[in-house]
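What the coordinates show
Here is how the chains run, residue by residue.
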Amino acid sequence: MEVTIAQTEEEMKGVQHVRYEVFVKEQHVSVEEEWDEYEDSSIHFLAHDNHTPVGAGRLRWVENTGKAERICILSSYRGTGLGRLIMSALEDYVQSQNGKEVVLSAQTHARPFYEKIGYKVTSEEEFLDAGIPHVSMKKGIE
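Keep in mind that this is a model prediction, so the values were computed, not measured.

Description of the overall build of the protein
- Of the regular secondary structure elements, the protein holds four helices and eight strands.
- Reading the protein from its N end, one meets helices and strands in the order β-α-α-β-β-β-α-β-α-β-β-β.
- Against the compact-globule benchmark of 14 Å for 142 residues, the protein has a radius of gyration of 14 Å, which places it among compact chains.
- Each principal axis of the C-alpha distribution contributes one length, and for the protein these read about 35 × 35 × 30 Å.
- Out of the 142 residues belonging to the protein, those deemed buried represent 42%.
- Residue pairs at least 24 apart in sequence account for 58% of intrachain contacts in the protein once pairs closer than 6 positions are excluded.
- Of the roughly 8,100 Å² of accessible surface on the protein, a fraction of 46% belongs to carbon and sulfur atoms.
- Charge centroids of the protein, computed over 15 positive and 25 negative side chains, lie 5 Å from each other.

Pasting the structure below:
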């Protein structure tokens with residue numbers, strides 16, 4: 001399995017396919033909420049297994065901070081270490097651009113995963129995003 005930055009139209013279709021499968025079909029997020037005004041200005045990561053899209057993530061800059069968004073993996077690939085690979089690629093990119101930290105809004109069920117890879121909860125309470133409970137988290141990048 002490999003994680004790359006999506007650069008071609010075909011790679012972006014792979015990103016969209018994975019996000020549609022996970023967020024729209026599986027988690028019932030509306031298409032209107034899933035695709036937003038940040039798509040064109042974000043950096044998209046694509047995880048693939050023998051050229052088959054199986055995971056995705058998005059990075060957006062908020063001042064000097066990388067904001068990880070839309071991190072998702074097809075259900076058949078969860079638990080394989082792919083989430084760690086996507087986050088590592090994203091964090092390496094942030095570091096290469098002199099970013100000092102990565103922030104994200106984690107679905108509460110994914111909180112233990114993010115804590116395992118060094119993220120700390122920064123929100124005082126859970127909040128809803130697309131009707132799904134989340135917490136804010138961050139990690140310093142060195």
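Here the narrative resumes, following the displayed structure.
Looking at the nonpolar core
- Formed by 36 residues in total, the largest nonpolar core has its most connected members in Met87, Leu90, Leu104, Tyr114 and Tyr119.
- Secondary structure elements with two or more residues in this core: α1 (9-26), β2 (43-49), β3 (52-62), β4 (65-73), α3 (82-96), β5 (101-107) and β8 (132-140).
- In terms of residues, this core owes the most to one element, α3, which gives five residues.
- Residues in contact with Tyr114, not counting those within four places in the same chain, are Ile71, Met87, Leu104, Ala106, Tyr119 and Met137.

Let's talk about the pattern of salt bridges
- Applying the stated criterion across every chain, the model contains 15 salt bridges.
- Linking Glu34 and Arg19 is a salt bridge whose minimum nitrogen-to-oxygen distance equals 2.6 Å. Of this pair, Glu34 sits in helix α2 (residues 31-34) while Arg19 sits in helix α1; the two residues are 15 residues apart in sequence, bridging distant segments of the chain.
- Taking the relative accessible area as the measure of exposure, Glu34 reaches 3% and is therefore buried.
- With relative accessibility at 1%, the residue Arg19 sits in the buried group.
- Glu26 serves as the salt-bridge partner of Arg78, at 2.9 Å between the closest nitrogen and oxygen. In this pair, Arg78 is assigned in the loop between β4 and α3 and Glu26 in helix α1, connecting sequence segments 52 residues apart.

Let's talk about the side chain of Lys67
- Relative to the helices and strands, Lys67 resides in strand β4.
- Excluding anything up to four places from it in sequence, Lys67 contacts Arg58, Leu59, Arg60, Val62, Val103 and Ser105.

Reading guide: rules and limits
- Residues numbered from 1 in each chain as written.
- Predicted model: local features only at pLDDT ≥ 70, side-chain atom pairs only at ≥ 80, totals over all residues.
- Heavy atoms only, no water.
- Helix = DSSP H or I, 4+ residues; strand = E, 2+ residues; numbered from the N terminus.
- Rg over C-alpha atoms; globule rule 2.2 N^0.38 Å.
- Buried < 20%, exposed > 50% of the residue type's maximum accessible area, 1.4 Å probe, protein only.
- Contact = heavy atoms within 4.5 Å.
- Areas by Shrake-Rupley, 256 points an atom, 1.4 Å probe, with all protein chains shown as cover.
- Lys, Arg positive; Asp, Glu negative; His and termini not counted.
- Charge placed at Lys NZ, Arg CZ, Asp CG, Glu CD.
- Core = buried A, V, L, I, M, F, W, Y, C linked by side-chain atoms within 4.5 Å.
- Salt bridge = Lys/Arg side-chain N within 4 Å of Asp/Glu carboxyl O.

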